[in-house]
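Structural description and commentary
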Amino acid sequence: MISLFPFSGEARICLSVCDSLFKDLPEHDSLAAVSSPVDSLFTDGHNVMTGRDNFLQTDTAALKFKVDSTLIHPEPKRQLWRAVGEGVFVNSFVWAADRWLLGKDYYSKGWSTLKDNLDKGWSFDGDAFSTNFIDHPYHGNLYYTAARSSGCNYWLSTLLTAIGSLEWEEIAETDFPSYNDFFATTFGGSALGELTLRVSDLILNNKRRGVNRVAREVVAFGLAPMRGINRMIDGDMWRHQDTRYLYHDKSEIPYRFMISAGARWSETRVSSSLCNTSFNIFLDYGMYGDTRQNRPFDCFRADMAFNKNGKHVPLVSTFCINGRIHGWQLGKTEHSGTVFSINQDFVYYNNEQQERVKYDRRALFSLAEPAAIGPSITFEAPAFRHTTTVNAVLMSGFTADHYYRCYNMGSGFNAKVYNLIRLSDILYLNLDASFHYLFTWEGYEKEQIDKFMADGKEPPYKLNTMIGRKGGDKCYATFFVLHPRLDLKLFKNVYASAQLRYFTRNSVYKYYDNVRSHYSDFNLSLTYKIE
């Protein structure tokens, strides 16, 4: 089937690698039975559920086998000062790389930098869209995972991430300390950090030996490097255990991992239909209709799209996470449950590489909300799940249209619905939609821009930096996002998938013409399901 598509080479390689991870026979333990001969980096030799196609069972009696608690590795003891020290190490390493490897000119000059930054005060910055809303959350993820793998909980780890970000903004670089960097690093870092830690939990298994163990440790290290460093320090990376060797209890927290490889057709400023190879990852984690597992991010969903990088195609086009921080059970029956919760939300959409024309940094569509939180309500039944959530957006970046600037920055809110429907035994529908209202905090006055242009001392693209300091133009914007996805089961664990992302935007400017636009991308792919 793969050969029917123009992306056959890359897709075949991707899916063959996934398939190769599922050929190792599972180990049979006296404390658990095995229902499938399939094993991989994500399997531990224990069954999960009988009615697994019911999305997320809310009835413990539905569990055919339950992982014995003596097999679950204990949480690490809190080592606060190690977490603090590793945060300083992360900043020192990045600072050294900026100065000596990358030759950046904004590296800290010492204590004089702290004094200068305190005098200058805070503003926004004009860095690339992906730098501010992907790179900075990843930087924060390093602080966060260092703390979590040192025994700190979600709240303390988020606090240490904020402290690490403040240290970087005030001490480690000479550029203006930036609001957007702080919010994206702190809140985006905690969301991304929980995602990478939870996925590495699914992979790690201290009972394994040989090539399988090495592969698990390498993949887990790539996902969460600071956790990998701490596993080396603690000796867990090479320690073999016959008890307490698992890091995730699938009977308590089930998951559904969908890995897709296929073709993506998208619009750009230079083409109405650009085709590229795309890789999608969707993770459904936890029991949405149940609150027995109720720590932060014991229940979350993540949707990611990566592309074969090209001239007009970004490496990351979608990266969205929505995780439950705390939930309250509103209702529960034998086969359904309703939960009210407070959720943390992370949004990133970007359709186009910047610099299409020299100094022109505008994209057809870009939207990021790295720091958002709000109430959510979920109803879950065997063949249907619905979630509605409304989030206050503390920091955002969104499409701009003037003076070569890629995006504006500000705050606002979003409202989202997620629906998962089993149409038949072989056909599944995800139907998601969201509305976003965003506005800039400050923005430049028209007289300031007119004066800049009249002076003629600098080319227009230099306005990007000047306008960036104020978060962009004076404006507000509304966005609507529709995302349906169909998965058709071909045979065991393999699906044919089709999904559409459709975006509309209405930007209202104080001094310039308003802009309405729409954008879409469409994917056809083969999907491998892990659960």
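What you are looking at is a predicted structure, and each value in this text was computed from that prediction instead of being measured.

In this section: the pattern of salt bridges. Per the counting criterion, the structure on display carries 23 salt bridges. When the shortest N-O distance is used, the salt bridge between Arg295 and Glu75 registers 3.3 Å. Of this pair, Arg295 sits in the loop between β2 (274-285) and β3 (300-307) while Glu75 sits in the loop between α1 (8-20) and α2 (80-101), and the two are 220 residues apart along the sequence. Salt-bridge contacts for Arg227 lead to Asp201; the nearest nitrogen and oxygen are separated by 2.8 Å. One end of the pair, Arg227, is in helix α8 (residues 225-234); the other, Asp201, is in helix α6 (residues 179-203), with 26 residues separating them in the sequence. An identical accessibility class is assigned to Arg227 and Asp201; each is buried.

The next thing to look at is the nonpolar core. Leu195, Leu283, Phe319, Ile321 and Tyr348 are the most contacted members of the largest nonpolar core, which totals 42 residues. Counting residues per element, this core draws most heavily on α6, at 9 residues. Not counting the four nearest positions on each side in its chain, Tyr348 is found in contact with Phe129, Ser130, Phe133, Ile134, Val316, Ser317, Thr318, Phe319, Cys320, Leu367 and Ala368. Judged by nonpolar contacts, the second largest core, of 21 residues, contains Tyr349, Phe365, Val393 and Val515.

Taking 1.5 Å of rise per residue, the 25 residues of α6 would be expected to cover 36 Å, and the 36 Å separating its terminal C-alpha atoms lies within 8% of that figure. For α6, the principal kink sits at Gly189 and spans about 30 degrees. Counting buried residues along α6, 23 of its 25 residues qualify, which places the element largely inside the surrounding structure.

Parts of the model with low pLDDT should not have their predicted coordinates read in detail. Per-residue confidence for the protein averages 83 on the pLDDT scale, and 79% of its residues sit at or above 70. Predicted confidence for residues 1-8 stays below pLDDT 50, and this span has 16 contacts to residues more than four positions away or in other chains.

Let us now look at the side chain of Asn350. By the element assignment, Asn350 lies in strand β5 (residues 337-350). By relative accessible area, which is 6% here, Asn350 ends up buried. The residues contacting Asn350, other than those within four sequence positions of it, are Phe129, Pro314, Val316, Ser317, Ala363, Phe365 and Ser366.

Reading the values: the criteria
- Here the residue index of a chain counts from 1 through its sequence in written order.
- Local features in this predicted model are restricted to residues of pLDDT 70 or higher, and side-chain atom pairs are both shown and tallied only at a pLDDT of 80 or more, whereas totals for entire chains, interfaces and linings draw on every residue.
- Excluded from the side-chain calculation are hydrogens and water; included are all heavy atoms of the structure.
- Only one rule defines a salt bridge in this text: a Lys or Arg side-chain nitrogen within 4 Å of an Asp or Glu carboxyl oxygen.
- Runs of H or I in DSSP of at least four residues are treated as helices and runs of E of at least two as strands, each being numbered from the N terminus.
- Relative accessibility decides the category of a residue: with a 1.4 Å probe and only protein chains considered, values under 20% of the type maximum give buried, values over 50% give exposed, and everything between is partly exposed.
- Put simply, a nonpolar core is a bunch of buried Ala, Val, Leu, Ile, Met, Phe, Trp, Tyr and Cys residues held in one set by side-chain atoms that sit within 4.5 Å of each other.
- Residues count as neighbours in contact if any of their non-hydrogen atoms are within 4.5 Å of one another.
- The span expected for a helix works out to 1.5 Å for each residue beyond the first.
- What we call the bend at a residue is the angle made by axes fitted to the seven residues finishing there and the seven residues starting there.
- pLDDT expresses how confident the predictor is about each individual residue, on a scale running from 0 to 100.

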